[in-house]
Amino acid sequence: MTAIDLCREAFAQFTLIVFVLGACIGSFLNVVIWRLPRGERLSAPPSHCPNCHHAIRPWENIPILSWLALRARCSACKEPISARYPAVELLTGVAFLCVWFHVLAREAPPVSALPLFFLVSALIAVTFTDIETRTIPNKITYSGLFFGLAMVLMFPAAHPAGGPQAPAGFIFPPGLLPERFLPFADSAAGALAALLILWAIRVVSGVMFGRRRWRFENHETLRFTPDGLFADTEKLFGWEEIVAGDITISPPVSSSPPLFSSALTDEREIVLHYRHGLLKGVNGRISVDQLSHVEAGGVSATVTRDAFGWGDIKLIIMIAALSGAAALPFILILSAVPGMIVGTALSLACSTCRKQGIPFAPFLSFGCGVWIFFGDRLVAYFVG
């Protein structure tokens with residue numbers, strides 16, 4: 001009896017095991033979503049209420065059930081517990097089930113479910129962190145890249161993650177590499193292609209969105225306000241005009257508050273990084289909505305504007321490593337098209353969305369999910 005036959009023979013038992021596993025992973029993802037963007041360790045301290053720091057007891061940490069039993073409130077301080085916690089646990093459990101049924105339907109080796117489990121877990125985590133904090137933690141994307149390459153190197157049958165196999169010779173001519181290393185080479189090629197393509201898009205977008213430079217005369221200063229960046233009374237640009245970019249003041253003559261003066265990278269310039277409504281310097285970051293009486297003076301200021309940041313690029317590289325080179329164009333299209341449609345609609349309807357930008361990780365997760373479960377049909381439809 002093969003492994004796939006065994007899984008089908010004990011279908012109900014494996015279904016329950018997979019869902020419980022997914023829900024438990026979802027409980028861990030809640031820790032990841034809360035702690036990584038805040039720079040906290042995942043291993044310590046133990047799970048606790050963020051309001052009163054009450055240590056979560058084992059029976060209060062059962063996925064989904066504990067939230068229902070506690071009636072969505074901390075047992076100590078009675079502070080409401082966000083519905084995001086059971087939602088992530090349930091979503092991860094259902095995602096694991098979908099992956100498992102997909103593997104069984106394709107009659108793929110059970111080991112091929114492992115990279116998919118990792119991929120859907122990482123996508124759920126980055127989706128919520130990007131929505132809540134506009135950040136995509138490097139620990140998630142780097143771990144996914146390493147895991148994807150290591151998995152197909154040890155278990156070639158685990159590749160690709162969900163979608164159809166690339167045709168023979170799609171990346172490497174037949175006979176160039178031993179067959180065992182072709183899945184690893186395909187994953188590595190996918191990651192490298194993602195890096196090169198997105199780097200080129202970022203460079204082109206920099207040209208399209210422009211690099212603007214101003215020289216200050218008569219003791220002019222840059223004023224940072226919730227509405228945008230001003231040179232005295234002249235508005236240089238509004239925050240809604242860019243998704244990401246850098247503001248360089250060189251050489252600095254004066255600056256305030258300490259956030260900006262501490263952003264000195266050397267004696268010649270101040271560099272501030274802007275992304276999704278946040279200005280970040282070496283000493284910390286601040287939301288543009290909180291800017292008040294912030295000024296910086298110098299001889300010149302340069303603003304570069306990008307279509308997306310490196311966090312999105314690293315996430316796409318991770319997806320390419322887990323999905324293979326053939327998946328990359330489909331996933332990018334499946335992410336970009338709904339992203340542009342929904343992003344445009346939200347920007348027109350919501351001033352906050354225009355100022356802070358629209359997080360792209362949810363659309364990447366959507367595109368990757370479509371590829372995982374419907375990639376075969378897409379390839380058959382478009383390629384024939």
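Just above sits the structure.
What you see is a predicted model, and the numbers here were worked out from it, not measured in a lab. (Residues numbered from 1 in each chain as written. Predicted model: local features only at pLDDT ≥ 70, side-chain atom pairs only at ≥ 80, totals over all residues. Heavy atoms only, no water.)

A.B. asks: Would you mind going over the overall build of the chain with me for this structure?
C.D. replies: Broken down by element type, the chain carries 12 helices and nine strands. Sequence separation of at least 24 residues holds for 70% of the intrachain contacts in the chain that already meet a minimum separation of 6. Total accessible area computed for the chain in this model is approximately 19600 Å², and 65% of it derives from carbon and sulfur atoms. (Helix = DSSP H or I, 4+ residues; strand = E, 2+ residues; numbered from the N terminus. Contact = heavy atoms within 4.5 Å. Areas by Shrake-Rupley, 256 points an atom, 1.4 Å probe, with all protein chains shown as cover.)

A.B. asks: What exactly am I supposed to notice about the pattern of salt bridges here?
C.D. replies: When the charged atoms of two side chains lie near each other, side chains of opposite charge can form a pair. Enumeration according to the criterion identifies two salt bridges in this entry. The salt bridge involving Glu-60 is made with Arg-57; its shortest N-O contact spans 2.6 Å. On the basis of relative accessible area, Arg-57 is assigned to the partly exposed category, the value being 35%. Among the ionic pairs, Glu-132 bridges to Arg-84, the shortest N-O distance being 3.2 Å. Linking Glu-132 in helix H5 (residues 113-133) with Arg-84 in helix H4 (residues 84-106), this pair joins segments that are 48 residues apart in sequence. (Salt bridge = Lys/Arg side-chain N within 4 Å of Asp/Glu carboxyl O. Buried < 20%, exposed > 50% of the residue type's maximum accessible area, 1.4 Å probe, protein only.)

A.B. asks: Is there a simple way to think about the packing of helix H9 (residues 310-323) against helix H10 (residues 327-349) in this case?
C.D. replies: Helices that pack against each other are described as a pair by the angle of their axes relative to one another and the distance between those axes. Contact pair H9 / H10: the axes reach a minimum separation of 10 Å and the direction vectors enclose 135 degrees. It follows that H9 is oblique to H10 by the angle criterion. As for the relative orientation of H9 and H10, their crossing is right-handed in sense. Listed contacts from H10 to Ile-316, Ile-319, Ala-320 and Ser-323 of H9 are Ala-327, Leu-328, Ile-331 and Leu-332. Tallied by class, the residues present in the contact of H9 with H10 amount to seven nonpolar, one polar and no charged. (Axes fitted to C-alpha atoms, helices over the stretch in contact; angles between N-to-C directions. Parallel < 35°, antiparallel > 145°, perpendicular 65-115°, else oblique. Left-handed = near helix turned anticlockwise from the far one by under 90°. Nonpolar A, V, L, I, M, F, W, Y, C, P; charged D, E, K, R; others polar.)

A.B. asks: What should I look at first to understand the environment of Arg-134 in this one?
C.D. replies: By the element assignment, Arg-134 lies in the loop between H5 and helix H6 (138-154). Under the relative-accessibility criterion, Arg-134 is labelled buried at 16%. It is 8.0 Å that separates the C-alpha atoms of Arg-134 and Arg-275, two residues lying 141 residues apart in sequence.

A.B. asks: Could you clarify how one ought to interpret the packing of aromatic side chains in this entry?
C.D. replies: Two descriptors summarise a pair of aromatic rings, namely the distance from one centre to the other and the angle between the planes of the rings. Following the criterion strictly, the structure yields five aromatic pairs and no others. Ring centres 4.3 Å apart and planes at 10 degrees place the aromatic pair Phe-96 and Phe-117 in the stacked group. Of the two residues, Phe-96 sits in helix H4 while Phe-117 sits in helix H5, which places them 21 residues apart along the sequence. Exposure remark for Phe-117: the relative accessible area of 12% places this residue in the buried category. When the ring of Phe-360 is compared with that of Phe-363, the centres are 6.4 Å apart and the planes differ by 35 degrees; the resulting orientation is tilted. Overall, Phe-360 belongs to the partly exposed group, its relative accessible area being 22%. Judged by its relative accessible area of 13%, Phe-363 falls in the buried class. (Phe/Tyr/Trp six-rings, centres within 6.5 Å; stacked < 30°, edge-to-face > 60°.)

A.B. asks: Would you mind going over unusual backbone geometry with me for this structure?
C.D. replies: Negative phi characterises most residues that are not glycine, and trans characterises most peptide bonds. Here the phi dihedral of Arg-71 falls at roughly 60 degrees; this positive angle occurs in a residue that is not glycine. Within the secondary structure layout, Arg-71 lies in the loop between helix H3 (65-69) and H4. A relative accessible area of 74% means that Arg-71 is categorised as exposed. Positive phi values are uncommon outside glycine, yet Lys-78 reaches one of about 65 degrees. Position of Lys-78 among the secondary structure elements: in the loop between H3 and H4.

A.B. asks: Just to check I follow, could you spell out H10 for this structure?
C.D. replies: Working note: α-helix, 3.6 residues per turn, so residues spaced by three or four point in the same direction. The terminal C-alpha atoms of H10, which comprises 23 residues, lie 33 Å apart, in line with the 33 Å expected from a rise of 1.5 Å per residue. Those residues of H10 not exposed but buried are Ala-327, Leu-328, Phe-330, Ile-331, Leu-332, Ser-335, Gly-339 and Gly-343. (Expected span 1.5 Å × (residues − 1).)

A.B. asks: Is there a simple way to think about a nonpolar patch on the surface in this case?
C.D. replies: A cluster of nonpolar residues, Leu-192, Leu-195, Leu-196, Trp-199, Val-203 and Trp-310, forms a patch on the protein surface that exposes about 570 Å² of accessible area. The element contributing the most residues to the nonpolar patch is helix H7 (residues 182-209), with five residues. Position of Trp-199 among the secondary structure elements: in helix H7. Judged by relative accessible area, Trp-199 falls into the partly exposed class, the value being 49%. (Patch = residues over 30% accessible without salt bridge, like charges linked within 9 Å, V, L, I, M, F, W, Y side chains within 5 Å.)

A.B. asks: Just to check I follow, could you spell out the environment of Phe-181 for this structure?
C.D. replies: Within the fold, Phe-181 resides in the loop between H6 and H7. Phe-181 sits 25 residues away from Pro-156 along the chain, and the two C-alpha atoms are 7.4 Å apart.

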